[in-house]
Amino acid sequence: MNIEVWSNARITTMAPDATVPYGLVDDAALAVEGGRIAWVGPRAELPAALRHGAVEHDAQGALLTPGLVDCHTHLVWGGDRAAEFEARLNGATYEEIARAGGGIVSTVKATREASEEELLLQSLKRLRPLLAEGVTTIEIKSGYGLDEANEAKCLRVARRLGERENVAVRTTFLGAHALPPEFRGRADDYIAEVCRMLPRLHAQGLVDAVDAFCENIGFSLVQTRRVFEAAQALGLPVKLHAEQLSDSAGAELAASFGALSCDHLEWLGEEGAQAMARAGTVAVLLPGAFYFLRETKLPPVALLREHQVPIAVSTDCNPGTSPCTSLLLMLNMACTLFRLTPEEAFAGITRNAARALGLADRGVLAPGLRADFVLWDARSPAELAYALGANPRLATIVEGTER
């Protein structure tokens, strides 16, 4: 099996136990064999057995980091909601728009009307800018079909995106996203339908995890528990849209099921943070939605730090509250809006983002892990957070092969 070596690089390993910021190794080398990292460290210490006969790549002093992970997106949808954006700027709230039949429900209508091929083409336009910034793994949620046929359609599109564009896609079933119009006033009946859909979608190989929107305009704790119990019966991990608009104790519920992540979290309280810490649940912060909705309630970053809850950052790419296709922009916003340090924010789109998806084989550069990495025209990851709107990516390597 061929060995390839990237040398003359500044390698950011993002190792959690590193004694230097970012796990940065100057004048470093990284060896790949069979799509996995065989060795990483100072170039002068590269074992002769790996150097002999290897295909060598001169990184010419570039920064080399783990591939980026976008761990919370709703990338597959039909239509757009520019009119709602205008309505919000004219004074309407997110909750008012949702209660008037807009919001998620309007996207459901457009998504149901779109063919699978139409959804694929629309979604490709959103995916490709993310890939151009070095994303090598992405989570894509359903939740705009809200019936079995259309949820399956969206999940199939997500799988096809991964195959077509050489990006690892993790699919999340978000049937409990909103109440479809045909179930108006019958939320419990719809949750029962979600619990019936789930095993059938899972049997088709379409579901990697299960999510829900637990909120005063979403689903209750009792309803969310029913969805999580259905997921648990299938051995599927859970995630939760939690404490975005109020402290609904969703994080505590999710943590009791060992949730991979709780996402948004602007209203997270002490008990929720403690529960997440005990469960090892990742806090996924979504600065794009915070910015787009002009929110003022900041997520409790100090509380998350105090309880050592891992923090991830994502685009939340969606049509209504974060139509964003730039993870590097979110890196900057996490620092400027939420006051994460650049190192915390970068861990949030690599190591901790992978953890939020339950993926222990990426997000860090270490022997045995997937050889997903990016070369940048930069000296430090701090430059990636600093340069608003810039994209200094030079190359993306997925499982040892340039994309």
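If you're wondering where the values come from, they're calculated on a predicted model, not measured in any experiment.

Examining the overall build of the chain
In step 1: Within the chain, the regular secondary structure consists of 16 helices and 16 strands.
In step 2: At 21 Å, the chain has a C-alpha radius of gyration in line with the 22 Å of a compact globule built from 403 residues.
In step 3: Summarising its shape, the C-alpha atoms of the chain cover approximately 70 × 40 × 40 Å along the three principal directions.
In step 4: Of all 403 residues assigned to the chain, the portion counted as buried reaches 58%.
In step 5: Within the chain, counting contacts between residues at least 6 apart in sequence, those at least 24 apart form 72% of the total.
In step 6: In the structure as shown, the chain presents an accessible area of about 15500 Å², 51% of it carried by carbon and sulfur atoms.
In step 7: Averaging the positions of the 38 positive and the 51 negative side-chain charges in the chain gives two centres separated by 3 Å.

Observations regarding a negative patch on the surface
In step 1: Residues Asp247, Glu270, Glu271 and Glu306 make up a contiguous surface patch of negative charge.
In step 2: The residue Glu270 is located in helix 10 (residues 270-279) in this model.

Describing the packing of helix 6 (residues 148-165) against helix 7 (residues 187-203)
In step 1: Where helix 6 contacts helix 7, the two axes come as close as 10 Å, and the packing angle between them is 40 degrees. One element, helix 6, and the other, helix 7, form an angle in the oblique class. Viewed along their axes, helix 6 and helix 7 form a crossing whose handedness is right-handed. Between helix 6, through Glu148, Glu151, Ala152 and Leu155, and helix 7, the contact on the second element is made entirely by Met197, Arg200 and Leu201.
In step 2: Its residues placed into classes, the contact of helix 6 with helix 7 shows four nonpolar, no polar and three charged.

So, the sheet that holds strand 10 (residues 239-242)
In step 1: In space, the four strands of this open sheet follow the order 10-11-12-13, with parallel pairing throughout. Every other strand in the sheet has two partners, leaving strand 10 and strand 13 (311-313) as the edge strands with one partner each. For this sheet the average axis-to-axis angle between neighbouring strands, irrespective of direction, equals 25 degrees.
In step 2: With three bridges joining them, strand 11 (residues 261-264) and strand 12 (residues 282-285) adopt parallel strand pairing. Paired with Ser261 across the strands is Val282, a residue of strand 12.

Structural notes on the pattern of salt bridges
In step 1: Applying the stated criterion across every chain, the model contains 23 salt bridges.
In step 2: A salt bridge links Glu116 to Arg156, with the nearest nitrogen and oxygen atoms 2.9 Å apart. A residue pair is termed long-range when its members are at least 10 positions apart, and Glu116 in helix 5 (residues 116-132) and Arg156 in helix 6 qualify at 40 residues.
In step 3: A salt bridge links Asp188 to Arg226; the shortest N-O distance between them is 3.9 Å. Placement of Asp188 in helix 7 and of Arg226 in helix 8 (residues 221-233) is noted, with a sequence separation of 38 residues between them.
In step 4: Given a relative accessible area of 46%, Asp188 falls into the partly exposed group.
In step 5: One connected set of salt bridges, linked through shared partners, spans Glu116, Glu117, Arg156 and Arg160.

Structural notes on the nonpolar core
In step 1: Leu161 and Val207 are the most contacted members of the largest nonpolar core, which totals 92 residues.
In step 2: By residue number, the principal contributor to this core is helix 13 (residues 327-336), which donates seven residues.
In step 3: Apart from the residues within four sequence positions on either side, Val207 is in contact with Leu155, Arg159, Thr171, Phe173, Leu198, Leu201, His202 and Leu236.
In step 4: In this structure, Leu64, Leu365, Ala371 and Phe373 belong to the second largest nonpolar core, which totals 16 residues.

As for the UniProt feature "binding site: Zn(2+)" (unreviewed entry) in the chain
In step 1: Per the UniProt entry, the sites bearing "binding site: Zn(2+)" (unreviewed entry) are His72, His74, His241 and Asp316 in this numbering. Considering the C-alpha atoms alone, the annotated residues occupy 245 residues of sequence yet fold into one spot, their largest mutual distance being 12.2 Å.
In step 2: Relative to the helices and strands, His74 resides in the loop between strand 6 (68-70) and helix 2 (82-89).
In step 3: With relative accessibility at 2%, the residue His74 sits in the buried group.
In step 4: Discounting residues that sit within four places of it in the chain, His74 has contacts with Lys141, Ser142, Tyr144, Leu174, His177, His241, Asp316, Cys317 and Asn318.
In step 5: Engagement of the side chain of His74 in a polar contact is seen with the side chain of His72, the distance being 3.2 Å.

Section: the packing of helix 5 against helix 6
In step 1: Direction vectors running N to C along helix 5 and helix 6 enclose 50 degrees, while the axes themselves pass 10 Å from each other. As judged from the angle between their axes, helix 5 and helix 6 are oblique. Handedness of the helix 5/helix 6 crossing: right-handed. On helix 6, the residues that touch Glu116, Glu117, Leu119, Leu120, Ser123, Leu124, Leu127, Arg128 and Leu131 of helix 5 are Lys153, Cys154, Arg156, Val157, Arg160, Leu161, Arg164 and Glu165.
In step 2: Residue composition of the contact of helix 5 with helix 6, grouped by class: eight nonpolar, one polar and eight charged.

Regarding the packing of aromatic side chains
In step 1: Evaluation of the coordinates by the stated rule reveals six aromatic pairs.
In step 2: Taken together, Phe183, Tyr190 and Phe219 form an aromatic cluster joined through their ring pairs.
In step 3: The residue whose ring lies beneath Arg126 is Trp77, and the NZ or CZ to ring-centre distance is 3.6 Å.
In step 4: Over the ring of Trp267 we find Lys297; its NZ or CZ atom is 4.7 Å from the centre of that ring.

A short note on helix 6
In step 1: Over its 18 residues, helix 6 runs 26 Å from end to end, which matches the ideal 26 Å to within 8%, given 1.5 Å per residue.
In step 2: Regarding helix 6, the residues found buried are Asn150, Glu151, Ala152, Lys153, Cys154, Leu155, Val157, Ala158, Leu161, Gly162 and Glu165.
In step 3: Where helix 6 is buried, its residues contact helix 4 (104-113), helix 5, strand 7 (135-141), strand 8 (168-176) and helix 7.
In step 4: Backbone geometry just after helix 6 places Asn166 at a positive phi near 55 degrees.

Criteria and cut-off values
- Residues numbered from 1 in each chain as written.
- Predicted model: local features only at pLDDT ≥ 70, side-chain atom pairs only at ≥ 80, totals over all residues.
- Heavy atoms only, no water.
- Helix = DSSP H or I, 4+ residues; strand = E, 2+ residues; numbered from the N terminus.
- Rg over C-alpha atoms; globule rule 2.2 N^0.38 Å.
- Buried < 20%, exposed > 50% of the residue type's maximum accessible area, 1.4 Å probe, protein only.
- Contact = heavy atoms within 4.5 Å.
- Areas by Shrake-Rupley, 256 points an atom, 1.4 Å probe, with all protein chains shown as cover.
- Lys, Arg positive; Asp, Glu negative; His and termini not counted.
- Charge placed at Lys NZ, Arg CZ, Asp CG, Glu CD.
- Patch = residues over 30% accessible without salt bridge, like charges linked within 9 Å, V, L, I, M, F, W, Y side chains within 5 Å.
- Salt bridge = Lys/Arg side-chain N within 4 Å of Asp/Glu carboxyl O.
- Axes fitted to C-alpha atoms, helices over the stretch in contact; angles between N-to-C directions.
- Parallel < 35°, antiparallel > 145°, perpendicular 65-115°, else oblique.
- Left-handed = near helix turned anticlockwise from the far one by under 90°.
- Nonpolar A, V, L, I, M, F, W, Y, C, P; charged D, E, K, R; others polar.
- Pairing = 2+ DSSP bridges.
- Core = buried A, V, L, I, M, F, W, Y, C linked by side-chain atoms within 4.5 Å.
- UniProt positions renumbered as here; feature names shortened; annotations may be inferred.
- Polar contact = N/O pair within 3.5 Å; in protein donor to acceptor, adjacent residues only side chain to side chain.
- Phe/Tyr/Trp six-rings, centres within 6.5 Å; stacked < 30°, edge-to-face > 60°.
- Lys NZ or Arg CZ within 6 Å of the ring centre and 35° of its normal.
- Expected span 1.5 Å × (residues − 1).

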